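Chain by chain, the residues:
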Amino acid sequence: LFPGVRQAQWLTKTKLVEGLPPAVQGIMDDPAHGLQELEERAKHAVSHARLWDTAQVAPRREQYCPVLFENLIHICRLMSGKYPSLSKRMLARNCRIAATWERESILLQVRGLSGILMNSMTPIPPVASKEEILATKEHVLETFYPIAPTIDLQEVNVYKELNDTGQCFGDGYPYSHPHTLFFLESANVRTDRFRPEQLRAKMLMFAFGNALAKAKALHGNDPKVLEQPVVVQSIGTDGQLFQFMVFQLNTTDLVSNDGVKNLVWIDSDQNLYEKAQCVPEVRKRVVTKPAGISGFQPDTFKKFLALYLHGTV
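In what follows, the accompanying structure is described. Keep in mind that this is a model prediction, so the values were computed, not measured.

Here is what the cut-offs are and how they apply
Residues numbered from 1 in each chain as written. Predicted model: local features only at pLDDT ≥ 70, side-chain atom pairs only at ≥ 80, totals over all residues. Heavy atoms only, no water. Helix = DSSP H or I, 4+ residues; strand = E, 2+ residues; numbered from the N terminus. Rg over C-alpha atoms; globule rule 2.2 N^0.38 Å. Buried < 20%, exposed > 50% of the residue type's maximum accessible area, 1.4 Å probe, protein only. Contact = heavy atoms within 4.5 Å. Areas by Shrake-Rupley, 256 points an atom, 1.4 Å probe, with all protein chains shown as cover. Expected span 1.5 Å × (residues − 1). Pairing = 2+ DSSP bridges. Axes fitted to C-alpha atoms, helices over the stretch in contact; angles between N-to-C directions. Phe/Tyr/Trp six-rings, centres within 6.5 Å; stacked < 30°, edge-to-face > 60°. Lys NZ or Arg CZ within 6 Å of the ring centre and 35° of its normal. Salt bridge = Lys/Arg side-chain N within 4 Å of Asp/Glu carboxyl O. Parallel < 35°, antiparallel > 145°, perpendicular 65-115°, else oblique. Left-handed = near helix turned anticlockwise from the far one by under 90°. Nonpolar A, V, L, I, M, F, W, Y, C, P; charged D, E, K, R; others polar.

Helix and strand content of the protein: seven helices and 13 strands. In terms of C-alpha radius of gyration, the protein reaches 20 Å, essentially the compact-globule figure of 20 Å for 313 residues. Projected onto its principal axes, the C-alpha positions of the protein cover 70 × 45 × 40 Å. Within the protein, buried positions represent 48% of all 313 residues. Counting contacts in the protein only where the partners sit at least 6 residues apart, residues at least 24 apart contribute 76% of the total. Total accessible area on the protein stands at roughly 15500 Å², and carbon and sulfur atoms take up 50% of it.

Take helix α6 (residues 196-219) next. For the α-helix, the turn length of 3.6 residues means that residues three or four positions removed from each other point alike. If you check α6, its first and last C-alpha atoms are 34 Å apart, about what 24 residues at 1.5 Å a residue would give, namely 34 Å. α6 sits mainly inside the fold: 17 of its 24 residues count as buried. Downstream of α6 by a residue or two, Gly220 has a phi angle that is positive, lying close to 90°.

As a further point, take unusual backbone geometry. Of note, Glu104 is a non-glycine position whose phi angle comes to about 55°, a positive value. Looking at the element boundaries, Glu104 is found in the loop between β3 (96-103) and β4 (106-113). Exposure remark for Glu104: the relative accessible area of 39% places this residue in the partly exposed category.

Burial analysis of strand β8 (residues 241-251) places 10 of its 11 residues in the buried class, which makes it a mostly covered element. Relative to β8, strand β7 (residues 225-237) runs antiparallel, the two being bridged by nine bridges. For Ile235, the partnering residue across the bridge sits in β8 and is Phe244. A loop of three residues connects β7 with β8, the two strands running antiparallel in sequence, and Gly239 in this loop sits at a positive phi of about 100°. The pairing of β8 with strand β9 (residues 262-271) spans seven bridges and is antiparallel. Directly across from Phe244, in β9, lies its bridge partner Asp267.

The strand order across the open sheet formed by seven strands is β1-β9-β8-β7-β6-β5-β2, and the pairing between neighbours is mixed. A single partner strand is all that each edge strand has here, and the edge strands are β1 (14-18) and β2 (89-92). On average, adjacent strands in this sheet sit at an angle of 20° to one another, irrespective of strand direction. Examined bridge by bridge, β2 and strand β5 (residues 116-120) share four bridges and lie antiparallel to one another.

Enumeration over the complete set of coordinates arrives at eight aromatic pairs. Pairing Phe242 with Phe304 gives two aromatic rings, centres 6.2 Å apart and planes at 90°, and the pair type is edge-to-face. Taken together, the positions of Phe242 in strand β8 and Phe304 in helix α7 (residues 298-309) put the pair 62 residues apart, joining distant regions of the chain. For the pair shown, Phe242 and Phe304 are each scored as buried. One residue, Arg89, lies across the ring of Tyr308, its end atom 5.1 Å from the ring centre. Above the face of the Trp10 ring, Arg103 is positioned so that its terminal group lies 4.4 Å from the ring centre.

A word on the pattern of salt bridges. Under the defined criterion, the tally for this structure stands at 10 salt bridges. For Glu40, the salt bridge identified is with Lys43, shortest N-O distance 3.9 Å. Within this pair, Glu40 and its partner Lys43 are both found in helix α3 (residues 39-52), separated by three residues, close to a single helical turn.

What follows is about the packing of α3 against helix α4 (residues 61-77). Running from amino to carboxyl end, α3 crosses α4 at an angle of 155°, the nearest separation of the two axes being 8 Å. Relative to α4, the element α3 lies roughly antiparallel. For the pair α3 and α4, the sense of crossing is right-handed. Taken together, the residues of α4 that come into contact with α3 (itself represented by Arg41, Ala42, Ala45, Val46, His48, Ala49 and Arg50) are Tyr64, Val67, Leu68, Asn71, Leu72 and Ile75. Tallied by class, residues from the contact of α3 with α4 come to nine nonpolar, two polar and two charged.

Quick look at the packing of helix α1 (residues 5-12) against α6 now. One way to put it is that α1 packs onto α6 with a least axis distance of 8 Å and a crossing angle of 15°. As the angle between them shows, α1 and α6 are arranged roughly parallel. Of the two elements, α1 crosses α6, and the hand of that crossing is right-handed. Residues Val5, Arg6, Ala8, Gln9, Leu11 and Thr12 of α1 form the contact with α6, whose participating residues are Glu197, Arg200, Ala201, Leu204, Met205 and Phe208. Of the residues belonging to the contact of α1 with α6, the class tally is seven nonpolar, two polar and three charged.

Printed below as a string of structure tokens:
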């Protein structure tokens, strides 16, 4: 998406709120959850991915980004001893999503691999109150006139309007609620990776697609304001910089710009650490910069963990 999140907002009829919602922020700020106790483990997770898990002098991004993700997920799973309901989660890889909707007079479809999808046996509760949802009626969506909001979308012939939450899920699958999407931008060459703004737009489109497909599976295809909104989260990273998102589908009535809008909270461009010095810097036989991780940001790790815990604590 060329204009990024602004275009994705129009396509999905969504109002943007900067920062994380109070429900997630509350998890971060509550010392009872003991998030700070895992900070040292998170530092080791970064060091393992960037410095230790390789025989190379410096690992490539395509190697350390997935390793860091697995390390952070492992730390999150340690919380299941304190919160047993966290064990009712499942990571699904290479699942395909398909969701179709009409926007003004345009038939739109989001379709493809939806990153790594964490599913849950129970849905995430709505993060916006009914009053906040009704207040979105006053929000005016940005237009791009004279540029069409679909300017850079791929135009294809659609023979079947699909709404599918994933080919890897069969009837009776117990982990049927989408919880969090993870997007790893691990290409080593910068030009092969999504820029942060593009990545956030992709995250929004696929969070919306998963929420819409789930809403239609639960409530049918008739456009309506949902009594029980569907919440889907998304986290994107290139192995250092993180993007956090919480999306709430309030309505499947997407044709016009009027009425209730959907909501998305985005916390952008959060570094987990500033630099990884893979080999020491030596000048005149003196180590001026030792190997190691510098500028570790505990709040970024806490946001990752809080999104994992959201819906359970």
